[in-house]
Amino acid sequence: MSMARDFDWKPLALVPALALLVLPFIGSPSTWLTLTVAGLAMGMIIFIIASGLTLVFGLMDVLNFGHGVFIALGAFVATSVLGAMGDWAGSDQLWRNMVAVLPAMLVAMAVAGAVGLAFERFIVRPVYGQHLKQILITMGGMIIGEELIKVIWGPAQIPLPLPGGMRGALLIGDAAIEKYRLVAVAVGLLVFAVLAWTLSRTKVGLLIRAGVQDREMVESLGYRIRRLFVGVFVVGSALAGLGGVMWGLYQQSVVPQMGAQVNVLIFIVIIIGGLGSTGGALIGALLVGLMANYTGFLVPKVALFSNIALMVAILLWRPQGVYPVANR
Amino acid sequence: MLNRLLSGDYPRSKVLAVILVAIFLGLASAPFLFPGVKALSVAAKVLIFVVLVASFDLLLGYTGIVSFAHTMFFGIGAYGIAVATTRVGPTWSALAVGLGGALVLSLLLSLAVGLFSLRVRAIFFAMITLAVAAAFQTLASQLSDITGGEDGLTFKVPEILSPSFEPFDDPFLGVTLDGRLLCYYLLFVTAVVLVLALLRIVNSPFGRVLQAIRENEFRAEAIGYRVVVYRTTSSVLSALFATMAGAMLALWLRYNGPDTSLSFEIMMDCLLIVVIGGMGTIYGAVIGAVLFLVAQSYLQDLLRLGSEATSGLPWLSALLSPDRWLLWLGVLFVLSVYYFPTGVVGRLRAAVRRAA
């Protein structure tokens, strides 16, 4: 998150470096372009989900193993909203799709944020400062959340078809680029831009960054870090809900266990990023997304291991993640 | 004698001692006390989980490390037996080779994970083990030539341990003495030996260092203990014991697949049992395992009754559906972390201290 002059560009350079490195292995530039855009899109969705978690950890030193439940919640809410707006979602016109997808996203974010508020109050608050209990109790929270989703929406997989206007692909030269991937990249960039702007250009962002660096100092200046934290937790949960909608549309189906499945990816991303750094989480997410798509094409069987190999390699290079947060 | 067997770690609570003796005697005579297939398999599962959870407690309760890869080692043990007996046949040497191979694999894997990730922040370890465990589960279902993939492996065990082995014509105390019974007692003896060995470990000077690290890592390091070495040793030992528990499982079920020994649900069960029984006490694992497995086996029946009784109210009925038993366990888990952080054993011991 460090600004301007002393910006550490090496991790950032990893992303294009990885992309260029695999080009000769893939051979065809058009296939490479398709895979790269797909990887970036996946990375952006993972970033949306991971950004809230990494902020919560960085700011309050709370490790939330139940973050995944907000992903599933967002996705399931979206199936209900889009289902209720079937005509608009099913239309082939993009603007009509937007009329359906935007409210779906907003409602998903609102529900996930509201549940996040309750989650913070009843699950997380009693165990501040106790890592072991945090891990245990948020894990328990995730079980409860997942089971409640099964009670409301049923235990089975539910289809979440892409709206008509977002289906299909654009042709750039020989490379086929799916439209939805571009939508995902755009939403991800928007989220990153808003987050980066909030964190670096607003007073709230200043306080959050200061709180991550030295909590006692900010509190002694008279700011209530706890209230700020609750806000960050709610926003983080809402972002996870948004990410869940994006992920569900990406997979075109949702299952109650999706949160636990995505959890692993997210942890890898925030470890790579440096636990607490938004910029680090973005780089981690893009690397993970690219890696998953490249290995999925080159050697499908090792796709999941590639992420772990990536994490190991990064930690050997920088044991605290690419952008370590100062005081931890 | 008793002092040496228990390594000087007495229950330190009369109620606890009575419960433990009752559990011991109950498990020792389970085939005669509780006839029936379901009861015996619950008893065998208790034996297996006592070992698995006690080994997990060595890591979580005594050393203060959260690992999510514990069922990976459990699975390695079970696959060791399963793969060896499918390849070689139902012989004792196959069992030995399978168990030996599994132990070596667990040793190397836990050493690698430990050395790599225990030197970084403790919090990393939980997340890294989560990722490694997920990867291992994928690997087990992908390598279907060796592991049988999602279908798993069904195999035979040595004649003397299989149900068809019936050396005596007359039943003893109303129970037929067959290979199943012998297998149960093999598990029983193994479990007792392993639990006593774990008690020995946690009450040794080594175990004290682990507890010191749990309480204050910085001070332990400052006194001169190499924290990384102790943590890694603890995680390797814990992995080896979990591997043995896995072998016990495979021997009993004569089947193994990814869902049987590797699923994340088993990992959650372990966490739940440790917390309910009491972290940092091997006895907690025993009590927790009995409570949990009896509840798991009979809670679903109870929920079914509740669900049927409330069938007029669809929401309540859905909440009480037997398929949602995990929901109630989750609630129980959160509540016990809240109000019951020292578990059953901690509560009982605290009651003694208060009375004294």
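Note that this is a predicted model, so its numbers are computed, not measured.

Trainee: Please explain the packing of helix α2 (residues 14-28) of chain B against helix α9 (residues 179-202) of chain B as it appears in this structure.
Mentor: When two helices pack together, their arrangement is given by the angle between their axes and by how far apart the axes lie. All names here are of chain B. Following both chains from N to C, one finds α2 and α9 inclined at 150°, their axes separated by 10 Å at the closest point. Taken together, the axes of α2 and α9 are roughly antiparallel relative to one another. Here α2 contributes F24, L27 and A28 to the contact with α9, which in turn contributes Y184, Y185, F188 and V192. In terms of residue class, the contact of α2 with α9 is made up of 7 nonpolar, no polar and no charged.

Trainee: Hey, could you run me through the pairing of strand β2 (residues 169-172) of chain A in this one?
Mentor: A regular strand places its side chains so that they alternate between the two faces of the sheet. Residues and elements named next belong to chain A. Where β2 and strand β3 (residues 175-178) come together, 4 bridges link them in antiparallel fashion. Counterpart to L171 in the pairing with β3 is A176. Here β2 hands over to β3 after 2 residues, with G173 in that stretch at a positive phi of 65°.

Trainee: Where do I start with the side chain of A:N263 in this structure?
Mentor: Mapped onto the secondary structure, A:N263 falls in helix α11 (residues 258-273). If we skip the residues at most four places from it in the chain, A:N263 touches A:F65, A:G68 and A:M142.

Trainee: I keep staring at the side chain of B:Q296 and nothing clicks. Help me out?
Mentor: All names here are of chain B. Considering the arrangement of structural elements, one finds Q296 in helix α15 (residues 282-309). Owing to a relative accessible area of 14%, Q296 belongs among the buried residues under this scheme. Setting aside residues no more than four positions away along its own chain, Q296 makes contact with K45, D269 and W325.

Trainee: Which parts of the structure should I look at to understand the environment of A:V302?
Mentor: Residue and element names in this part refer to chain A. Tracing the backbone shows V302 in the loop between α12 (278-298) and α13 (303-317). Residue class for V302 comes out partly exposed when judged on its relative accessible area of 35%. For the pair V302 and G27, spaced 275 residues apart in sequence, the C-alpha separation works out to 20 Å.

Trainee: What exactly am I supposed to notice about the interface of chain A and chain B here?
Mentor: Interface extent is often summarised as the accessible area lost during association of the parts. Counting residues at the interface gives 39 residues for chain A, matched by 38 residues for chain B. Summing both partners gives a buried area of about 3600 Å² for chain A against chain B, and 85% of it is carried by carbon and sulfur. Here chain A is connected to chain B by 1 salt bridge. For A:E147, the salt bridge identified is with B:R324, shortest N-O distance 2.9 Å. At the boundary of chain A and chain B, one finds 2 residue pairs in polar contact (both at pLDDT 80 or more). When contributions to the side of chain A that touches chain B are tallied by element, the ones reaching two or more residues are α5 (94-124), α6 (131-153), α11 and α13 of chain A. Top contributing element to the side of chain A that touches chain B by residue count: α6(A), with 16 residues. Each residue belonging to the side of chain A that touches chain B can be placed in one class, and the counts come to 30 nonpolar, 4 polar and 5 charged.

Quick notes on the rules
Residues numbered from 1 in each chain as written. Chains lettered and ligands numbered in written order. Predicted model: local features only at pLDDT ≥ 70, side-chain atom pairs only at ≥ 80, totals over all residues. Heavy atoms only, no water. Axes fitted to C-alpha atoms, helices over the stretch in contact; angles between N-to-C directions. Helix = DSSP H or I, 4+ residues; strand = E, 2+ residues; numbered from the N terminus. Parallel < 35°, antiparallel > 145°, perpendicular 65-115°, else oblique. Contact = heavy atoms within 4.5 Å. Nonpolar A, V, L, I, M, F, W, Y, C, P; charged D, E, K, R; others polar. Pairing = 2+ DSSP bridges. Buried < 20%, exposed > 50% of the residue type's maximum accessible area, 1.4 Å probe, protein only. Buried area = accessible area lost by both parts, 1.4 Å probe. Salt bridge = Lys/Arg side-chain N within 4 Å of Asp/Glu carboxyl O. Polar contact = N/O pair within 3.5 Å; in protein donor to acceptor, adjacent residues only side chain to side chain.

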